[in-house]
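Close look at the chain arrangement
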2 protein chains.
Amino acid sequence: MTELDAIDAAIVRELQDDARLANNVLAARVGIAPSTCHGRVRSLFERGVIRGAHAEIDQAAIGRPLQAMISVRLRPHARGELAAFAQAMAQLPEVLNVYFLAGADDFLVHVATAGSEELREFVVNHLSGTKDVAMTETSLIFEHLRGRPAAEPRSVRPAPHA
Amino acid sequence: MTELDAIDAAIVRELQDDARLANNVLAARVGIAPSTCHGRVRSLFERGVIRGAHAEIDQAAIGRPLQAMISVRLRPHARGELAAFAQAMAQLPEVLNVYFLAGADDFLVHVATAGSEELREFVVNHLSGTKDVAMTETSLIFEHLRGRPAAEPRSVRPAPHA
DNA sequence: GCTGAAAGCACAGCGAC
DNA sequence: GTCGCTGTGCTTTCAGC
């Protein structure tokens, strides 16, 4: 697998915190020249270590103040279509995340809706009212905290010549 | 609250998909001049509609191939410190997300670890082995799908003079 | 909302170490 | 691997409209 040195790890950490960080600022922060830094960032994207950059939106500001996490269990006969089902879920405008689980439930759906009525409609129309769904359990989300960036838990090999 | 017109909504949608999109490309895509577009993006950040931009990392590539979602319930006496507890969780390097729930469980912790042993250690050291935690339930995550960008579910007022 | 100018930066390719 | 250079184009801020 693609190995990351300490500088790559630092770049990943910084971009995880702010994906729009200017290259020259990032270079200074990780202690390398801007041209080198630019090449490394490009490489991280090309190698798939950084999959993309996404803006974090205040859902309430765009008219979806109510977030919920919905546990979903499919009926046994529909388990084969689990992937297709989850994929379809992810296309719906209310859906923020779909987590495919290995446990009692088949997956979790993280949604943001305009209100409780819209949430109810979402669950009925796309989940509990569907023939493939055996069970749903909806929990409202009060708050969502992002973890602090982490890169390379262990075995970070030293940088070339920092 | 800060109102968003159709152009702001389009900008939000594009940046949700790619936060590093070049300003001139974004401007062309939403149909306004680059300088105007730049001002709107700045305004969206300043108003807090866009809270930040974060790189999406391939956790497996940085040495954390195993992800899990952990349901946590605190003991009744510890409910008052729920916010502080969750905040502390979010600081741990393994934690990607903490979802504060209103339901049977108090919160969900989304973690990425180096392996099953590290996951077990995480749960024991920071959750089940803690005096404030009443119960935990760990589900492995097979896959994580991001929802497709959505902006302004309804009541998008027309743009000024698009 | 647009245009235009000016400074700084991004980005690619180069050679040198 | 690193760094520094150059050139083109873009970003960003500032006017004024």
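Since the structure is predicted, the reported quantities are computational estimates derived from the model, not experimental observations.

Quick notes on the rules
Residues numbered from 1 in each chain as written. Chains lettered and ligands numbered in written order. Predicted model: local features only at pLDDT ≥ 70, side-chain atom pairs only at ≥ 80, totals over all residues. Heavy atoms only, no water. Helix = DSSP H or I, 4+ residues; strand = E, 2+ residues; numbered from the N terminus. Buried < 20%, exposed > 50% of the residue type's maximum accessible area, 1.4 Å probe, protein only. Contact = heavy atoms within 4.5 Å. 1 Å grid on protein atoms, 1.4 Å probe; cavity = no way out; pocket = protein on both sides within 12 Å on 5 of 7 lines; lining within 4 Å. Points joined across faces, edges and corners; volume = space filled by probe spheres on them. Nonpolar A, V, L, I, M, F, W, Y, C, P; charged D, E, K, R; others polar. Pairing = 2+ DSSP bridges. Near = heavy atom within 4 Å. Polar contact = N/O pair within 3.5 Å; in protein donor to acceptor, adjacent residues only side chain to side chain. Buried area = accessible area lost by both parts, 1.4 Å probe. Salt bridge = Lys/Arg side-chain N within 4 Å of Asp/Glu carboxyl O. Domains from an automatic or database assignment.

This part covers the overall build of chain A. What chain A contains, in helices and strands, is five helices and five strands. The order of helices and strands in chain A, counted from the N terminus, is α-α-α-β-β-α-β-β-α-β. Considered along the principal axes of its C-alpha atoms, chain A spans approximately 60 × 35 × 25 Å. Looking at the 162 residues of chain A, the share that counts as buried comes to 49%. A separation threshold of at least 6 residues defines the contact pool for chain A, and within that pool the share at least 24 residues apart is 67%.

A word on the layout of surface pockets. Taken as a whole, the second largest pocket spans an internal volume of roughly 360 Å³. Taken together, 18 residues line the second largest pocket, and the ones lying closest to its centre are A:Ser71, A:Asp105, A:Glu137, B:Ser71 and B:Asp105. Secondary structure elements with two or more residues in the lining of the second largest pocket: strand S2 (66–74) and strand S5 (133–146) of chain A together with strand S2 (66–74) and strand S5 (133–146) of chain B. Tallied by class, residues from the lining of the second largest pocket come to eight nonpolar, four polar and six charged.

When you tally the buried positions in strand S3 (residues 95–102) of chain A, you get seven out of eight residues, the bulk of the element. The pairing of S3(A) with strand S4 (residues 107–113) of chain A spans five bridges and is classified as antiparallel. Looking at S4(A), one finds that A:Phe100 is bridged to A:Phe107. Where S3(A) lies against S5(B), six bridges are found, and the strand directions are antiparallel. Note on S5(B): the bridge partner recorded for A:Leu101 is B:Ile141.

The immediate surroundings of DNA strand C are formed by twelve residues, with A:Asn23, A:Arg42, B:Ser35, B:Thr36 and B:Arg40 found nearest. A breakdown of the atoms of DNA strand C within 4 Å of the protein gives sugar and phosphate a share of 89%. Separating a phosphate oxygen of DNA strand C from a backbone N or O atom of A:Asn23 is a distance of 2.5 Å. Taking B:Thr36, its side chain carries an N or O atom lying 2.6 Å from a phosphate oxygen of DNA strand C. Of all elements in the fold, only helix H2 (23–30) and helix H3 (34–46) of chain A together with helix H3 (34–46) of chain B reach the threshold of two or more residues within the surface near DNA strand C. In terms of residues, the surface near DNA strand C owes the most to one element, H3(B), which gives three residues. Grouping the constituent residues of the surface near DNA strand C by class yields four nonpolar, six polar and two charged.

Before going further, it helps to spend a moment on the protein's contact with DNA strand D. Taken together, the neighbourhood of DNA strand D is formed by eleven residues, with A:Thr36, A:Arg40, B:Asn23, B:His38 and B:Arg42 sitting nearest. Each atom of DNA strand D within 4 Å of the protein belongs either to a base or to sugar and phosphate, the latter forming 92%. Side-chain polar atom of A:Thr36 to a phosphate oxygen of DNA strand D: 2.7 Å apart, as the coordinates give it. In this structure, a sugar or linking oxygen belonging to DNA strand D sits 2.9 Å away from a side-chain N or O atom of B:His38. Breaking the surface near DNA strand D down by element, the ones donating at least two residues are H3 of chain A together with helix H2 (23–30) and H3 of chain B. With three residues, the top contributor of residues to the surface near DNA strand D is H3(A).

Contacts between chain A and chain B engage 62 residues on the former and 62 residues on the latter. Carbon and sulfur atoms make up 56% of the surface buried where chain A meets chain B, a total of about 5800 Å² over both sides. Looking only at chain A, the three residues that lose the most surface to chain B are A:Arg20, A:His54 and A:Leu145, adding up to 13% of its buried area. At the junction of chain A and chain B, the tally comes to two salt bridges. Between A:Arg51 and B:Asp58 there is a salt bridge; the shortest N-O distance is 3.5 Å.

As a further point, take the domain arrangement of chain A. Under the domain assignment, chain A is made up of domain 1 (4–54) and domain 2 (59–141). If you average the C-alpha positions of domain 1 of chain A and of domain 2 of chain A, the two centres end up 34 Å apart.

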